[in-house]
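This is what each chain is made of:
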Amino acid sequence: MSFFSNLFRDIAIDLGTANTLIFIRGKGVVLNEPSIVARERNTGKIVAIGHEALLMHEKTHPGIITIRPLASGVIADYEATEELIKGLINKTKTQFSFGIRRMVIGIPSGITEVEKRAVRDSAEHVGAREVYLVTEPMAAAIGIGLDVKEPMGNMIVDIGGGTTEIAVISLGGIASGESLRVAGTDITNTIIRHFRKAYNLAIGERTAEDVKIKIATAYKPEKEMTMMVRGRNLVTALPEEREVNSATIREAIATPISQIITSIKKSLEVTKPELSADILDRGLFLAGGGALIKGLDKKINEETKLAVHISEDPLTAVARGTGEVLENLEKYRSVLLATKRY
Ligand SMILES: Nc1ncnc2c1ncn2[C@@H]1O[C@H](COP(=O)(O)OP(=O)(O)OP(=O)(O)O)[C@@H](O)[C@H]1O
Ligand SMILES: [Mg+2]
């Protein structure tokens, strides 16, 4: 590598609905921040990005708005997405550099041609000279360390914030799969609705997420859990605190959980027999933040009879996979997505 090529950086990005992770060649995953930007309402000026913007989320005054630019894993607000990518890349800058040479981005497998184009445009606008796209389930499989090019069926279920990506991977391609727009965010929203309906209590997104992370279960645990939750009573309009238990939360989130499991079963139904046999042998691999819902592995196992493996560090699997692709572009060229140029 010449002296000058060192001045360009190669980076890989997992541009997620909930979190964006950046991998830099030679360094690994260097940044993991919420996909959120805060902006001044009048001037449109960005005032915070990532962690700092999340702290402001739901606590803003009318002069500041917070935006999650990605919805269901795709770009809902182009301008804000670019600001997010640019801002987060800036946070990773440790030394002088000329810019970005290569950029590998993980995208949902169900993405349309127009959506793909939007991701590519954003990457080019922030200065990337070569942009490569890889589907998230493929990246997750690579990140988990599976050999995606062998003639063997591997089933990946990546439950993120906006999408659940289910894919059976063999010979470097996706043999069958589903991209379901039900994932962690829906589960959080279901918890918010449950508090309104059951207790007349309005709770914020961060509180609901906290409930989910601490006591949400997909399968009856050995010991049920409880926690205190604060919100605003919708009748008295006063702040209120109440205790909730894991059994009621499990019931409340049953619908999105069963939608995810139904999709897994649907994917299994359309899988070729030889690949099904491999999956029966190996089990399925869970990635994404949703893999951390307590008892989800047991619940999927009960319904599908397959062994279920929660990948190590599921929140970084896609980012690590995109990084592996970046560092071995030739090896993985066949798994990259082609995008049409207009
Ligand atoms: N310990 C946990 N238990 C349950 N859910 C969790 C836990 N940790 C994170 N999550 C959830 O995981 C989701 C984020 O996962 P992840 O970072 O994989 O999503 P993403 O990649 O940003 O989204 P997508 O892939 O859909 O674009 C959020 O909904 C978050 O609430
Ligand atoms: Mg993801």
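Everything below is about the structure printed above this text.
Residues numbered from 1 in each chain as written. Chains lettered and ligands numbered in written order. Predicted model: local features only at pLDDT ≥ 70, side-chain atom pairs only at ≥ 80, totals over all residues. Heavy atoms only, no water.

1. Concerning the nonpolar core
Counting residues in hydrophobic clusters, the biggest one holds 39 residues, and the most contacted among them are Phe 195 and Leu 284. The residue makeup of this core includes at least three contributed by each of domain 2 (140–182 + 256–315) and domain 3 (184–254). Ignoring any residue separated from it by four or fewer positions in sequence, one finds Phe 195 in contact with Asn 200, Leu 201, Ile 203, Val 229, Val 244 and Ile 249. Counting residues in hydrophobic clusters, the runner-up holds 29 residues, among them Leu 15, Ile 49, Ile 85 and Ala 123. (Core = buried A, V, L, I, M, F, W, Y, C linked by side-chain atoms within 4.5 Å. Buried < 20%, exposed > 50% of the residue type's maximum accessible area, 1.4 Å probe, protein only. Domains from an automatic or database assignment. Contact = heavy atoms within 4.5 Å.)

2. Examining the sheet that holds strand β9 (residues 99–107)
Pairing is mixed in the open sheet, where five strands are placed in the order β3-β2-β1-β9-β10. Here the strands that pair on one side only, and so sit at the sheet edges, are β3 (28–34) and β10 (130–135). In this sheet, neighbouring strand axes are inclined to one another by 20° on average, regardless of whether the strands run parallel or antiparallel. Across five bridges, strand β1 (residues 8–15) lies against strand β2 (residues 19–24) in antiparallel orientation. Its bridge partner being in β2, Ile 13 is matched across the sheet by Ile 22. With respect to the sheet, helix α11 (residues 317–327) is in contact with β1, β2, β3, β9 and β10, its orientation differing from that of β1 by roughly 145°. (Pairing = 2+ DSSP bridges. Helix = DSSP H or I, 4+ residues; strand = E, 2+ residues; numbered from the N terminus. Axes fitted to C-alpha atoms, helices over the stretch in contact; angles between N-to-C directions.)

3. Focus: the side chain of Ser 122
Here Ser 122 shows up in helix α3 (residues 113–125). Since its relative accessible area comes to 1%, Ser 122 is described here as buried. Contact partners of Ser 122, with chain neighbours within four places excluded, come to Ile 75, Thr 81, Glu 82 and Ile 85.

4. Comments concerning the pattern of salt bridges
Counting across every chain of the model gives 20 salt bridges. For the salt bridge of Arg 181 with Glu 115, the shortest nitrogen-to-oxygen distance reads 3.7 Å. A residue pair is termed long-range when its members are at least 10 positions apart, and Arg 181 in the loop between β13 (173–180) and α5 (184–199) and Glu 115 in helix α3 qualify at 66 residues. Residues participating in the shared-partner salt-bridge network are Asp 10, Arg 25, Arg 101, Arg 102 and Glu 130. (Salt bridge = Lys/Arg side-chain N within 4 Å of Asp/Glu carboxyl O.)

5. Regarding the site of ligand 1
In the vicinity of ligand 1 there are 21 residues, among which Thr 17, Ala 18, Asn 19, Glu 209 and Lys 212 approach most closely. At a separation of 2.5 Å, an oxygen atom of ligand 1 approaches a polar side-chain atom of Glu 209. Between ligand 1 and the protein, one listed contact pairs an oxygen atom with a backbone N or O atom of Gly 289 at 2.9 Å. In terms of residues, the shell around ligand 1 owes the most to one element, helix α6 (residues 205–215), which gives three residues. The class makeup of the residues in the shell around ligand 1 is five nonpolar, 13 polar and three charged. (Near = heavy atom within 4 Å. Polar contact = N/O pair within 3.5 Å; in protein donor to acceptor, adjacent residues only side chain to side chain. Nonpolar A, V, L, I, M, F, W, Y, C, P; charged D, E, K, R; others polar.)

6. Considering the packing of helix α4 (residues 136–144) against α11
Two elements in contact, α4 and α11, have axes separated by 6 Å at closest approach and are oriented at 85°. Classified by the angle between their axes, α4 and α11 sit roughly perpendicular to one another. Taking contact as the criterion, the partners of Glu 136, Ala 139, Ala 140, Ile 142, Gly 143 and Ile 144 in α4 are, on α11, Ala 317, Val 318, Arg 320, Gly 321, Thr 322, Glu 324 and Val 325. Of the residues assigned to the contact of α4 with α11, the class counts are seven nonpolar, three polar and three charged. (Parallel < 35°, antiparallel > 145°, perpendicular 65-115°, else oblique.)

7. What about the packing of aromatic side chains?
Applying the stated rule across the entire model yields one aromatic pair. For the pair Phe 195 and Tyr 199, a centre-to-centre distance of 5.4 Å together with 65° between the ring planes defines the contact as edge-to-face. You can see Phe 195 and its partner Tyr 199 sitting in helix α5, four residues apart, about one turn around the helix. (Phe/Tyr/Trp six-rings, centres within 6.5 Å; stacked < 30°, edge-to-face > 60°.)

8. Details of the sheet that holds strand β15 (residues 226–233)
Taking strand neighbours across the sheet as the criterion, the three strands line up as β14-β15-β16 in an open arrangement whose pairing is antiparallel. Strands with a single pairing partner mark the edges of an open sheet, and in this sheet they are β14 (201–202) and β16 (239–245). Pairing of β15 with β16 involves seven bridges; the strand directions are antiparallel. Within β16, the residue paired with Gly 231 across the bridge is Glu 240. Lying over the sheet, α6 contacts β15 and β16, oriented at roughly 165° with respect to β15.

9. With respect to the environment of Asp 147
By secondary structure assignment, the location of Asp 147 is in the loop between α4 and β11 (154–159). A relative accessible area of 44% places Asp 147 in the partly exposed class. A C-alpha to C-alpha distance of 33 Å links Asp 147 and Lys 91, two positions 56 residues apart in sequence. A distance of 3.2 Å separates a polar side-chain atom of Asp 147 from the backbone nitrogen of Lys 149.

10. Here's the deal with the pairing of β3
Of the strand pairs in this sheet, β2 and β3 are connected by six bridges, and their pairing is antiparallel. Bridge pairing in β3 places Ile 24 opposite Gly 28. Between the antiparallel neighbours β2 and β3 lie three residues, among them Gly 26 with a positive phi of about 90°.

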